[in-house]
Amino acid sequence: EGVMPQGFADGGARAGYTLGRLMSRSQKVADSLLHLPGRDFWLRRALREMLLREHAGARERCRVLSVGGGPGFDYIALVLLSDFLGLASNETLPVDALVTDYEASWDSDAAYVACAVDKSQQQRRSFAAGSPTHRTRFARADITLPMAHADNEALATALCDPVCGA
């Protein structure tokens, strides 16, 4: 059984971590998906196929699973990429993310992040009709525990979903 680092049980520490890293972590995720050398064009194409409605087929949402996602930096990055890619056509899929982490108290911080995204999206929808409605939720998951452990129930369910579920 592995040992996880300590320190995120304190709300002040989590808030400082989130605020101090929000921009850089979200930007790193977005940059790693969007700005790649030419030989990695396949990943850029996969991102467009994941987020753009024209490639979605029967899918209604872009479903994402973030393991070790803390407050939701990955979610923010994908929402921003969805909005960016949709600027030309306004035809992106809503992002539906399940953010998991071993530290259960990230739940409240993830809720604040989701609220901030919701507010920014409300403003966007006020001047861009048809903008997608993104959503996220948080669940505890601990990779040092067996997948059958109760703490990993949401993660196991998402991994068993053939569409990669949240």
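Refer to the structure printed above.
Residues numbered from 1 in each chain as written. Predicted model: local features only at pLDDT ≥ 70, side-chain atom pairs only at ≥ 80, totals over all residues. Heavy atoms only, no water.

A. Spatial organisation of the overall build of the protein. Check the secondary structure of the protein and you find 5 helices and 3 strands. From first element to last, N terminus to C terminus, the protein shows the α and β order α-α-β-α-β-α-β-α. Out of the 166 residues belonging to the protein, those deemed buried represent 40%. The long-range share in the protein, meaning contacts at least 24 apart out of those at least 6 apart in sequence, stands at 77%. (Helix = DSSP H or I, 4+ residues; strand = E, 2+ residues; numbered from the N terminus. Buried < 20%, exposed > 50% of the residue type's maximum accessible area, 1.4 Å probe, protein only. Contact = heavy atoms within 4.5 Å.)

B. Helix 3 (residues 73-85), seen in detail. Given a rise of 1.5 Å per residue, 13 residues ought to cover 18 Å, and the 18 Å separating the end C-alpha atoms of helix 3 matches this to within 8%. In terms of residue burial, helix 3 counts as a mostly covered element, since 10 of its 13 residues are buried. Those residues of helix 3 that sit buried are F73, Y75, I76, A77, L78, V79, L81, S82, D83 and L85. (Expected span 1.5 Å × (residues − 1).)

C. Spatial organisation of the nonpolar core. Ranked by internal contacts, the top residues of the largest apolar core, which has 26 residues, are L47, L51, V64, Y75, L78, L81 and V95. Where this core is concerned, the elements lending two or more residues are helix 1 (11-34), helix 2 (41-51), strand 1 (62-67), helix 3, strand 2 (95-101) and helix 4 (106-127). Broken down by element, this core gets its largest block of residues, 8 residues, from helix 3. With sequence-adjacent residues up to four places away left out, L51 is seen in contact with C62, L78, L81, S82, L85, E91, T92, L93 and V95. (Core = buried A, V, L, I, M, F, W, Y, C linked by side-chain atoms within 4.5 Å.)

D. Here's a closer look at the packing of aromatic side chains. Taken as a whole and judged by the stated rule, the model has 2 aromatic pairs. Where Y17 meets F73, the ring centres are 6.2 Å apart and the plane angle is 40°; that geometry is what we call tilted. Of the two residues, Y17 is situated in helix 1 and F73 in helix 3; the sequence distance between them amounts to 56 residues. The exposure class assigned to Y17 is buried, which follows from its relative accessible area of 18%. When its relative accessible area of 6% is taken as the criterion, F73 is described as buried. Pairing Y17 with W106 gives two aromatic rings, centres 5.7 Å apart and planes at 55°, and the pair type is tilted. Residue Y17 is located in helix 1, and its partner W106 is located in helix 4; the two are separated by 89 residues in the primary sequence. Note on W106: relative accessible area 2%, which makes it buried. Cluster of aromatic residues (ring-pair linked, three or more members): Y17, F73 and W106. (Phe/Tyr/Trp six-rings, centres within 6.5 Å; stacked < 30°, edge-to-face > 60°.)

E. A look at the pattern of salt bridges. Applying the stated criterion across every chain yields a total of 5 salt bridges. The shortest N-O distance in the salt bridge between D96 and R61 comes to 3.4 Å. A residue pair is termed long-range when its members are at least 10 positions apart, and D96 in strand 2 and R61 in the loop between helix 2 and strand 1 qualify at 35 residues. The same class applies to D96 as to R61, namely buried. The shortest N-O distance in the salt bridge between D151 and R140 comes to 3.1 Å. (Salt bridge = Lys/Arg side-chain N within 4 Å of Asp/Glu carboxyl O.)

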